[in-house]
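# Tertiary structure, described
Residue-level listing of the chains:
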Amino acid sequence: MRLETLAVHAGAEIDSETGAVAPPIHLSTTFQHGPACEEIHGYSYIREKNPTQTRLEEAMAALEGGEAALAFASGMGAVCTVMQSLEPGSHVIFPDDAYTGFRGLYREFLPHWGIEHSVVDMTNPAKVQSAIRPNTRIVLAETPSNPMMKITDLAAVAKIAHAAGADLLVDNTFATPMLQRPLDLGADIVLHSTTKYCGGHSDVQGGCLVVKSRERWSAKLFRTRTIMGAAASPFNSWLILRGLRSLDCRMERHSSNAAKVAAALESSGKVERVCYPGLASHPGHELARRQMKLFGGMLSIQLRGGRDEALRVTSRVQLFTNATSLGGTESLIEHRASSEGEGTKVPENLLRVSIGLEHSDDLIEDLIRALE
Ligand SMILES: *Cc1c(COP(=O)(O)O)cnc(C)c1O
């Protein structure tokens, strides 16, 4: 089956008891077992698994082309579960431009767990190669990255990781499986903040890991999730599953809108730089063309002038809402350096933009007017 069809049908089996077309939400925290605690129905306690979550996991595994998936309470819950499943003394390589929560993870928590880390510019695979240590277990890539929209060559980095006996973990939140399938390019685990495009409506929090090999990762991650407790709720699983049904249509519109906004901003001459991998001016454009179907709905702009000019624009937008997060139907704008706070490397003149599903002309008019 093609990806667009899977997005609609994966995990959507008709409910065998009632014939319900929309999946039921099972809120039960516990499931009947036998007299000696034998599992009868395939479930026992909610923190391990529940039927609504199982449907979501089937759908995510099918969309990413993995052997198994695990749903989590949040994207951070998902990535922390990978780190918690590593042996002390392991080494992890992170990208220099990435989701800000990763910085908190490697600065404040990994040292306590005895896990070493390096931070490198992954647009240059040679830098990943030189950061490899004998104890490197995970190379984490994020492409396109937050907020500089850097593109990483996943096939090249996968080869480097595998030659060192490490696994490649790819944060695919910005692209989603509709636009990029990291497991096909050599990755071992895909990470999602399903809070973003998969949920798609700014009303649900979730995370997911999809693994290429059930044997290599599934049991370890399942055990870590069960004991550490970052499990998804049934209701959130249901909302994310519902989001997946329209993911393909939404990603097409997010991408075509973002391409138009990026082109209009670039040709307006009002900004110093537009970072969007769909623009020929983007240094990762050719690579993005090879490994992505479309370029997604995220972009960032750098203004002429510094922080003051950036804040002038965020205070003048009308249609765009000043808010963090991304991937919803409505367009959002954010002064990312303020959002990330102390220790951020994001330029003060940068605004991160999540392009929604509105008419592109309304979005362009709002931004151009705010820039005047
Ligand atoms: C939001 C986000 C995360 C973290 O996910 P939460 O669901 O907020 O915990 C991780 N990676 C990327 C790229 C994100 O945008």
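To start, this report covers the structure provided alongside it. Everything quoted here is computed from the prediction, not taken from an experiment.

## Focus: the overall build of the protein chain
Looking only at helices and strands, one finds 14 helices and 12 strands in the protein chain. Computed over its C-alpha atoms, the radius of gyration of the protein chain comes to 21 Å, within 12% of the 21 Å expected for a compact globule of 372 residues. Along the longest, intermediate and shortest principal axes, the C-alpha atoms of the protein chain span 75 × 50 × 35 Å. Within the protein chain, contacts between residues separated by at least 24 positions form 72% of all contacts whose residues are at least 6 apart in sequence.

## Comments concerning the environment of Glu365
Residue position: Glu365 is located in helix H14 (residues 360-371). Take Glu365: its relative accessible area is 51%, and that puts it in the exposed class. Spatially, the C-alpha atom of Glu365 lies 21 Å from that of Asn349, the residues being 16 residues apart in sequence.

## A word on the sheet that holds strand E3 (residues 116-120)
Within the open sheet, the seven strands sit side by side as E1-E7-E6-E5-E4-E2-E3. Their pairing is mixed. Edge positions in the sheet fall to strand E1 (68-72) and E3, since each of these pairs with one other strand and no more. Each neighbouring strand pair of the sheet contributes to a mean axis angle of 20°, computed without reference to strand direction. Pairing analysis gives five bridges linking E1 to strand E7 (residues 207-211), with the strands arranged antiparallel. Each bridged residue has a counterpart across the sheet, and for Ala68 the counterpart in E7 is Val211.

What counts, and where the lines are drawn
Residues numbered from 1 in each chain as written. Predicted model: local features only at pLDDT ≥ 70, side-chain atom pairs only at ≥ 80, totals over all residues. Heavy atoms only, no water. Helix = DSSP H or I, 4+ residues; strand = E, 2+ residues; numbered from the N terminus. Rg over C-alpha atoms; globule rule 2.2 N^0.38 Å. Contact = heavy atoms within 4.5 Å. Buried < 20%, exposed > 50% of the residue type's maximum accessible area, 1.4 Å probe, protein only. Pairing = 2+ DSSP bridges. Axes fitted to C-alpha atoms, helices over the stretch in contact; angles between N-to-C directions.

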